[in-house]
Amino acid sequence: MTFETLKLAPAIVKAVLEQGYTTPTPIQAQAIPAVLAGGDLLGGAQTGTGKTAAFALPILHRLAMSRSATNRSGGTGIRALVLTPTRELAAQVEESFRVYGKYLQLKSTVIFGGVGMNPQIDALRRGVDIVVATPGRLLDLQQQGKLDLSTVQVLVLDEADRMLDMGFIHDIKKLLALLPRQKQSLLFSATFSDDIRELAQGLLNNPASIQVTPRNTTVQRITQVAHPVGRAKKKALLTHIIQTHAWSQVLVFTRTKFGANHVAEHLSKAGIPAMALHGNKSQSARTQALQGFKDGAIRALVATDIAARGIDIDDLPHVVNYDIPNVSEDYVHRIGRTGRAGASGEAVSLYSLDEEGWLADIERFTKQNIPRQAMDGFGPEAGEKAEPIAMGRQTIWGGVGKPPSREVMQAAAKAARTEMMQRMRDNKSPASHKSAPAAVATRHNESRSTPRPHASTNSPTNSNRPAGRRHGSGRPGTARPATGR
Ligand code: AMP
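Residues numbered from 1 in each chain as written. Predicted model: local features only at pLDDT ≥ 70, side-chain atom pairs only at ≥ 80, totals over all residues.

### What about the overall build of the chain?
- The number of helices and strands found in the chain is 18 helices and 17 strands.
- Evaluated residue by residue, the chain yields a buried proportion of 49% over its 485 residues.
- For the chain, the share of sequence-separated contacts (at least 6 apart) that also reach a separation of at least 24 residues comes to 77%. (Helix = DSSP H or I, 4+ residues; strand = E, 2+ residues; numbered from the N terminus. Buried ≥ 20, exposed ≤ 12 C-beta atoms within 10 Å, placed from the backbone. Contact = placed C-beta atoms within 7 Å.)

In structure tokens, the structure reads:
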């Protein structure tokens, strides 16, 4: 079989041949005719099977052969919507649409969180035929009135199992409700849990069912574990874990650039080749860090969320949350770095008392319990209490229960500021002598070095809280920066 025999438009076949594909993969051979025929599809396939082209090629064909749509504001309306669990996959899929559609007059764009919204809003305003997106940001845009989904003709849920694993079911349901009833729906998933079947049943209409991997065999799964740790023992515990398991490649996430530098330095001193990766590093330092990590010279890459986004490494065996993110969605993106493409992955979280509340938020958000495992000698000290965490000008509360009084929060913020000023005066910041002031950080919590405050008291009074949160558990103090999703 060839791509010509699948009756794809010559312009598409030409682009595909240019990619060096000569024969359709099994999922392509089955899915392409089914999608071209206009029916719904339930595809059991993992990354690596050629599933992206299996839906992208017939979608491109159908869009190229029909008239463009007009949205509410008179621009080109969205006809194909692809939802993916991660930013990286969204970017890859959209790139595939571009590559396969290079000889067509169709426009596509990718939408995901963690970057500025304005370019995405502009792209939507200019009009696109194809949108590839992660659910959260897409909903944000919709809620701001920047998105018109009324013209969608084809919907793809890619890696649906991972989307559900990551707690996106509510976002997906909200998005589904915004789409026209009459449409073609394609659902791809590597595994078929009851939840996936339920989702498929509600969405798909008499679907063709295609399975190219044995059911639930090479399941990509991420093992998650959380270790309670004393505030002052995190570095020691991280070192201990890497050494005892002899991990050779681990991506470590910290909340701040300052923290990333400190952790990398500590690991290096302990004999674990490590490097920090963050927005203050020059491009050449970043490239060098990445290359070293890829070829095994660097065992631990310590990164902030922002910096990690640019890391193009599939199949990481281990991810460590050295700091628990205050935005639950970041946890999902972080652990999504591992367990890809059939590989098993491990995500380890180190949480101090200061972050216990955030960990509980994450469990609510992902609808999963993360097993806790105490490590002998590394737990919180007797009498250790939760303290607020300083993030730039904000002092936020990540502990369990209500935040301390306003006075305590303010004292903590002041202590943090004083400490930071002192450090700048002493010129002790690792950042100051290690990195070139190159890239501009795009997010508050990456934009400043943030030491932790030493608030001594922790009154449980509930007073003037910092701004609210996103994921609805009502926990205060976890405002998401404007650019963050
Ligand atoms: P996917 O499963 O969509 O992530 O695709 C896995 C890889 O297979 C990608 O690098 C594609 O470029 C490649 N690929 C997809 N279809 C074909 C094909 N028919 N022949 C050769 N390579 C392909």
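Let's pick the thread back up.
### Some words on the site of the ligand
- Near the ligand, the surroundings consist of Y21, T23, P24, T25, Q28, T47, G48, T49, G50, K51, T52 and A53.
- Along the lines of polarity and charge, the residues of the shell around the ligand split into three nonpolar, eight polar and one charged. (Near = placed C-beta within 6 Å. Nonpolar A, V, L, I, M, F, W, Y, C, P; charged D, E, K, R; others polar.)

### Digging into the nonpolar core
- With 108 residues, the main nonpolar core has V252, L301 and V302 as its most contacted residues.
- Considering every element that reaches this core, the biggest residue donor is helix 3 (residues 51-64), with eight residues.
- Counting contributing residues, this core receives three or more from each of domain 1 (4-211) and domain 2 (222-462).
- A390, M409, A412 and A416 belong to the second largest nonpolar core, which has eleven residues in total. (Core = buried A, V, L, I, M, F, W, Y, C linked by C-beta atoms within 7 Å. Domains from an automatic or database assignment.)

### Things to note about the sheet that holds strand 12 (residues 274-277)
- Read across the sheet, six strands follow the order 10-15-14-11-13-12 without closing on themselves; strand pairing throughout is parallel. Every interior strand has two partners, whereas the edge strands, strand 10 (222-228) and strand 12, have only one. For this sheet the average axis-to-axis angle between neighbouring strands, irrespective of direction, equals 20°.
- Running over the sheet, helix 11 (residues 257-269) touches strand 11 (250-253), strand 12 and strand 13 (300-303) and is turned about 170° from strand 12.
- Packed onto the sheet, helix 12 (residues 283-295) meets strand 12 and strand 13 and runs at close to 135° relative to strand 12. (Pairing = 2+ DSSP bridges. Axes fitted to C-alpha atoms, helices over the stretch in contact; angles between N-to-C directions.)

### Structural notes on the packing of helix 3 against helix 4 (residues 87-100)
- Running from amino to carboxyl end, helix 3 crosses helix 4 at an angle of 50°, the nearest separation of the two axes being 10 Å. Relative to helix 4, the element helix 3 lies oblique. Regarding helix 3 and helix 4, the two cross each other, and that crossing is right-handed. Contacts between helix 3 and helix 4 involve T52, A53, A56, L57 and L60 from the former and V93, S96, F97 and Y100 from the latter.
- Across the contact of helix 3 with helix 4, the residue classes tally to seven nonpolar, two polar and no charged. (Parallel < 35°, antiparallel > 145°, perpendicular 65-115°, else oblique. Left-handed = near helix turned anticlockwise from the far one by under 90°.)

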